[in-house]
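Read off the chains here:
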Amino acid sequence: MSKKSDNYFNNEKRIQTEIKHLLLTEILKMSLSVANSQLYNPNFKTNRIYSYFDLFAGNGEFANGEEGSPLLAFNIFLNHLKNNTKFEELRMLLTDSEKNNIQNLDNLIKLRKQDSNEGRIKYICNAGNWENYSTEIKKQLKESSWGFIFADQFSTELNLSNFINTLKNDCRLKDILIFYNYNTLVRQFGRSCKADITRLCKTLNITEEQFYSFDKGDFSEKFQTSLIESYSSIKEFVIGVSFPTTVNKKLITADYFYLIFATSSVKLLNTFLDAYEKALSSYGNYYPQCGLFDNMNMLNIIKDSNSTNMCDLIIYITREFLSWKNIIENHLFVPTTKYILEKLNDLYKNNEVRITAPKTFFYKNNTSKLKESEACSSRKNMEQVKIEIIKPLQGQLFP
């Protein structure tokens, strides 16, 4: 993360950084694994270059020696190359607005690269605003079939419209993870300073006219909607999650921070959701929970979304933000494809929906139950799971 104050990396990691880094490492490893597996498919025509972009890279380490995101990514690259991989080159493009941060980061990576003697990892460290290097970023995106983009902004440093425009032509096989300091954005929303309003509008990809139309009570909904709509313009699966912070080592029960994850892979979507569950479940009784879906009436969800296949249904459901703090009887839940498929199988068993799919998608000894390994293995397969309501709807969307 890039921060105007030098204090950030002079302190130990806080809960929000631990959560971010756990999610980053889990999905970056899976992203590499999924990409590498596709390289064995002769029908999948891509090159063998994978690039990692860290737009607010920081200086690489914290005061207690813990590693920042670029070093975590470098280690993941090293471990991946120790196994049988088809990748010929793994690239890192790292930017930070603070020159001292980049100098320190460059030295750290240079030492690790020398120690590892691994020539397949290439890296570039650039000092300055990431937008100053948009041409280089576009070049790397175009040259790499596969990749991962991480933007760990402190406040309003990411101009969303420019970011989307930078990625849109060459991000089909790249995964995207973006951090938002929601608490800071709320504070700026309450100010009348022209500069703050301009920055906030760029961060949310909205016009100033739209900004002035917001009521104070609308900000959370508008914040979520604008981000989902923007990222959905370039990726199929987009999900947002919130998580807390600590003050004096005490957990603050508020949605202080958000992460947006955007991908084209259902396997990466599930990995992100599972990692989110894992990250939050380590903090006592404060479990991630999406009450919105826990008691959902799937029939009404299908109707409300106009979904005719499983893929459209999952896209619709995951475009809701998950809040970590809404606990129902300590029930731990995230809307993975496994959970949604269980709901569909129940409806199919009870003759409430008609499901048509290739015979291989069903269990041989139970032709009324879909197999997760087949039905949810890819977007293409999920699109083949056709859904039709055959019973009239009753009751409300969420009873």
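Note that the structure is predicted; figures quoted are calculated from it, not measured.

Reading the values: rules and limits
- Residues numbered from 1 in each chain as written.
- Predicted model: local features only at pLDDT ≥ 70, side-chain atom pairs only at ≥ 80, totals over all residues.
- Heavy atoms only, no water.
- Helix = DSSP H or I, 4+ residues; strand = E, 2+ residues; numbered from the N terminus.
- Contact = heavy atoms within 4.5 Å.
- Areas by Shrake-Rupley, 256 points an atom, 1.4 Å probe, with all protein chains shown as cover.
- Axes fitted to C-alpha atoms, helices over the stretch in contact; angles between N-to-C directions.
- Parallel < 35°, antiparallel > 145°, perpendicular 65-115°, else oblique.
- Nonpolar A, V, L, I, M, F, W, Y, C, P; charged D, E, K, R; others polar.
- Salt bridge = Lys/Arg side-chain N within 4 Å of Asp/Glu carboxyl O.
- Buried < 20%, exposed > 50% of the residue type's maximum accessible area, 1.4 Å probe, protein only.
- Core = buried A, V, L, I, M, F, W, Y, C linked by side-chain atoms within 4.5 Å.
- Lys, Arg positive; Asp, Glu negative; His and termini not counted.
- Polar contact = N/O pair within 3.5 Å; in protein donor to acceptor, adjacent residues only side chain to side chain.
- Expected span 1.5 Å × (residues − 1).
- Phe/Tyr/Trp six-rings, centres within 6.5 Å; stacked < 30°, edge-to-face > 60°.
- Pairing = 2+ DSSP bridges.
- Right-handed = clockwise from strand over helix to strand, strands pointing away.
- pLDDT = per-residue confidence, 0-100.

S.K.: How would you sum up the overall build of the protein? Please name residues and give values.
M.R.: Check the secondary structure of the protein and you find 17 helices and 11 strands. For the protein, long-range pairs separated by at least 24 residues make up 77% of all intrachain contacts whose partners lie at least 6 apart in sequence. Working note: accessible area of the protein is about 18,500 Å², and carbon and sulfur atoms make up 44% of it.

S.K.: Describe the packing of helix H8 (residues 194-204) against helix H10 (residues 219-232), with residues and values.
M.R.: Look at H8 against H10: their axes get within 9 Å of each other, and the N-to-C directions meet at 50 degrees. Taken together, the axes of H8 and H10 are oblique relative to one another. Seen from H8, the contacting residues are Leu200, Thr203 and Leu204; seen from H10, they are Phe219, Phe223, Ser226, Leu227 and Ser230. Grouping the constituent residues of the contact of H8 with H10 by class yields five nonpolar, three polar and no charged.

S.K.: Before we move on, could you go through the pattern of salt bridges and cite the residues and values that matter?
M.R.: On inspection of all chains with the given rule, the structure shows 13 salt bridges. Where arginine 120 meets glutamate 118, a salt bridge forms, and the shortest distance between an N and an O atom there is 2.9 Å. Overall, the relative accessible area of 29% leaves arginine 120 in the partly exposed class. We classify glutamate 118 as buried; its relative accessible area is 15%.

S.K.: Any details on the nonpolar core? Residues and values, ideally.
M.R.: Judged by nonpolar contacts, the single largest core of 81 residues is most densely connected at Tyr50 and Tyr52. Within the second largest apolar cluster, 39 residues are counted, among which are Ala151, Phe189, Ile197 and Phe219.

S.K.: Lay out unusual backbone geometry in plain terms, naming residues and giving numbers.
M.R.: Even without a glycine there, the phi angle at asparagine 117 is positive, about 55 degrees. Note that asparagine 117 resides in the loop between helix H4 (99-116) and strand E3 (121-127). Non-glycine residue asparagine 351 carries a positive phi angle of around 60 degrees. On the secondary structure map, asparagine 351 appears in the loop between helix H15 (337-349) and strand E8 (353-356).

S.K.: If you had to explain the side chain of aspartate 96 to someone new, which residues and values would you point to?
M.R.: When you line up the elements, aspartate 96 lands in strand E2 (residues 89-96). Of the side chains with opposite charge, lysine 20 lies nearest to the buried aspartate 96, which makes no salt bridge, at 11 Å. Here the side chain of aspartate 96 touches glycine 58 through a polar contact of 2.8 Å, landing on its backbone nitrogen. In terms of polar contacts, aspartate 96 uses its side chain to reach the backbone amide nitrogen of glutamate 98, at 2.9 Å.

S.K.: With reference to specific residues and values, describe the side chain of threonine 271.
M.R.: Structurally, the position occupied by threonine 271 is in helix H11 (residues 266-281). Apart from residues no more than four positions distant in its own chain, threonine 271 is found in contact with Glu26, Ile27 and Met30.

S.K.: Pulling in residues and values, what's your account of H11?
M.R.: Taking 1.5 Å as the rise per residue, H11 with 16 residues should run 22 Å; its terminal C-alpha atoms sit 23 Å apart, in good agreement. Buried within H11 are the following residues: Val266, Leu268, Leu269, Asn270, Thr271, Phe272, Leu273, Ala275, Tyr276, Ala279 and Leu280. Where H11 begins, the capping side chain belongs to serine 265, and its oxygen is found 3.3 Å from the backbone nitrogen of lysine 267.

S.K.: Before we move on, could you go through the packing of aromatic side chains and cite the residues and values that matter?
M.R.: On inspection of all chains with the given rule, the structure shows 25 aromatic pairs. Taking 6.3 Å as the distance between ring centres and 20 degrees as the angle between the ring planes, the aromatic pair formed by tyrosine 52 and phenylalanine 148 counts as stacked. Taken together, the residues tyrosine 52 in strand E1 (residues 49-54) and phenylalanine 148 in strand E4 (residues 146-152) connect sequence positions 96 residues apart. When the centroid spacing of 5.9 Å and the interplanar angle of 90 degrees are considered together, the rings of tryptophan 130 and phenylalanine 163 count as edge-to-face. Taken together, the residues span a long stretch of sequence, with tryptophan 130 in the loop between E3 and helix H5 (134-143) and phenylalanine 163 in helix H6 (residues 160-167) at a distance of 33 residues.

S.K.: Give me the environment of lysine 338: which residues, what numbers.
M.R.: Within the secondary structure, lysine 338 sits in helix H15. Lysine 338 sits 68 residues away from asparagine 270 along the chain, and the two C-alpha atoms are 8.6 Å apart.

S.K.: Please set out H15 residue by residue, giving values where relevant.
M.R.: The end-to-end C-alpha distance of H15, which contains 13 residues, comes to 18 Å, matching closely the 18 Å that a straight helix rising 1.5 Å per residue would cover. Among all positions of H15, only Thr337, Tyr339, Ile340, Leu341, Leu344, Asn345, Leu347 and Tyr348 are buried. At the C-terminal side of H15, asparagine 351 shows a positive phi close to 60 degrees.

S.K.: Break down the environment of arginine 191 for me, citing the residues and quoting the values.
M.R.: Following the sequence through the fold, arginine 191 ends up in the loop between helix H7 (182-189) and H8. The exposure class assigned to arginine 191 is partly exposed, which follows from its relative accessible area of 40%. Setting aside residues up to four positions removed in sequence, arginine 191 forms contacts with Asp196 and Ile197.

S.K.: Give me the lowdown on the pairing of E1, citing residues and values where you can.
M.R.: Within E1, six of the six residues are buried, which leaves it mostly tucked inside the rest of the structure. Here E1 shows a buried face lined by Ile49, Ser51 and Phe53 and a second buried face lined by Tyr50, Tyr52 and Asp54. Two elements, E1 and E2, share six bridges in a ladder whose sense is parallel. Across the sheet, the residue bridging to aspartate 54 is leucine 94, located in E2. For the crossover that starts at E1, traverses helix H3 (residues 69-82) and ends in the parallel E2, the hand is right-handed. For E1 and E4, the ladder comprises five bridges, and the chain directions are parallel. Note on E4: the bridge partner recorded for tyrosine 50 is tryptophan 146.

S.K.: Any details on the confidence of the model for the protein? Residues and values, ideally.
M.R.: With 87% of its residues at a pLDDT of 70 or more, the protein has an overall mean of 86. Helix H12 (residues 291-294) is the least confidently modelled element of the protein, averaging 45 in pLDDT, while E1 averages 98, the highest of any element. The model gives residues 2-12 a pLDDT under 50, and that stretch makes 25 contacts with residues more than four places away or in other chains.

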